[in-house]
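Here are the chains, one letter per residue:
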Amino acid sequence: MAINYTWDVSKVDTYPTKSSQSDVVYRVHWRLKGTDDSNNDSDGLAQTNTIYGTQIIDTSDLSSFTAFGSLNSSTVQGWVETALGSSKVTQLKSKISADITEKVTPTSVLKTLGS
């Protein structure tokens, strides 16, 4: 099972002005989605799972500030992954993988008795 992970970091909270800078990103609303194309569901769609959260970004030092208009998803994703730490990112990916595995090979199934 090969899972591809994609980040969505397109929603952010900003300070309108901080330390003479405009639109300073201080919180990112992120989603991490895992997609397993090798194990499709009954409708033929890839198995997926998504975890979401928010991450505060340290704005105490704006010496390497990037203007909001120059930001891209790759930069913001890097901030989020750095702030979360590699072990937390690994935990999130492991949780997504485990949830997809449970969908593909469930350990429990709800059944309804006939009347």
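Residues numbered from 1 in each chain as written. Predicted model: local features only at pLDDT ≥ 70, side-chain atom pairs only at ≥ 80, totals over all residues. Heavy atoms only, no water.

Novice: I tried to follow the sheet that holds strand β2 (residues 21-40) on my own but got confused; where do I start?
Specialist: Hydrogen bonding along the main chain pairs the strands of a sheet, whether they run parallel or antiparallel. Reading across the sheet, the three strands line up as β1-β2-β3 and stay open at both edges, with antiparallel pairing between neighbours. For this open sheet the edge positions go to β1 (3-18) and β3 (46-56), each flanked by a neighbour on one side alone. Mean inter-strand twist for the sheet, computed between neighbouring axes without regard to direction, equals 15°. Lying on the sheet, helix α1 (residues 73-84) is in contact with β1, β2 and β3; it crosses β1 at an angle near 95°. (Pairing = 2+ DSSP bridges. Helix = DSSP H or I, 4+ residues; strand = E, 2+ residues; numbered from the N terminus. Axes fitted to C-alpha atoms, helices over the stretch in contact; angles between N-to-C directions. Contact = heavy atoms within 4.5 Å.)

Novice: Just to check I follow, could you spell out the nonpolar core for this structure?
Specialist: General note: in soluble globular proteins, nonpolar side chains tend to be found buried as a group. In this structure, Trp7, Val9, Val28, Trp30 and Val80 are the most contacted members of the largest nonpolar core, which totals 17 residues. For this core, the secondary-structure elements that each account for two or more residues are β1, β2, α1 and α2 (86-104). Once residues within four sequence positions are removed from consideration, Trp7 is found in contact with Trp30, Arg31, Leu32, Gln77, Val80, Glu81, Leu84 and Val89. (Core = buried A, V, L, I, M, F, W, Y, C linked by side-chain atoms within 4.5 Å. Buried < 20%, exposed > 50% of the residue type's maximum accessible area, 1.4 Å probe, protein only.)

Novice: In this structure, what is going on with α1? I would like to understand it.
Specialist: Think of an α-helix as turning once every 3.6 residues; residues three or four places apart then point the same way. Under the 1.5 Å per step criterion, the end-to-end length of α1 is 16 Å for 12 residues, consistent within 8% with the ideal 16 Å. Where α1 is concerned, the buried positions are Val76, Val80 and Leu84. What you see down the axis of α1 is that its buried residues fit within an arc of 70°, all on one side. Exposed side of α1, more than 90 degrees from the buried face: Ser74 and Thr82 are the residues found there. Looking at the buried positions of α1, the neighbouring elements they touch are β1, β2, β3 and α2. Regarding α1, its N-cap is Asn72, as a side-chain oxygen of that residue lies 3.1 Å from the backbone nitrogen of Ser74 further along. Two residues or fewer after α1 comes Gly85, characterised by a positive phi angle close to 90°. (Expected span 1.5 Å × (residues − 1). Arc of directions from axis to C-beta. Polar contact = N/O pair within 3.5 Å; in protein donor to acceptor, adjacent residues only side chain to side chain.)

Novice: For this particular structure, what's the right way to read the layout of surface pockets?
Specialist: Empty space left among the atoms is revealed by rolling a probe the size of a water molecule over them. Looking at the largest pocket, its volume works out to about 300 Å³. Taken together, 17 residues make up the lining of the largest pocket; nearest its centre are Ile57, Asp58, Asp61, Leu62 and Trp79. Listed by contribution, the elements that provide at least two residues to the lining of the largest pocket are β2 and α1. In terms of residue class, the lining of the largest pocket is made up of 10 nonpolar, four polar and three charged. (1 Å grid on protein atoms, 1.4 Å probe; cavity = no way out; pocket = protein on both sides within 12 Å on 5 of 7 lines; lining within 4 Å. Points joined across faces, edges and corners; volume = space filled by probe spheres on them. Nonpolar A, V, L, I, M, F, W, Y, C, P; charged D, E, K, R; others polar.)

Novice: Any chance you could explain the environment of Val89 here in plain terms?
Specialist: Mapped onto the secondary structure, Val89 falls in helix α2. Linking Val89 and Thr107, residues 18 residues apart in sequence, is a C-alpha distance of 25 Å. Contact partners of Val89, with chain neighbours within four places excluded, come to Trp7, Glu81 and Leu84.

Novice: I tried to follow α2 on my own but got confused; where do I start?
Specialist: Helix length check: α2 (19 residues) gives 27 Å between terminal C-alpha atoms against 27 Å at 1.5 Å per residue, within 8%. Residues of α2 that are buried: Val89, Leu92, Ile96 and Ile100. All buried residues of α2 lie within an arc of 70° about the axis, which places them on one face of the element. Residues of α2 that are exposed and angled more than 90 degrees away from the buried face: Ser87 and Gln91. Buried residues along α2 sit against β1, β2, β3 and α1.

Shape descriptors only; they carry no functional weight alone.
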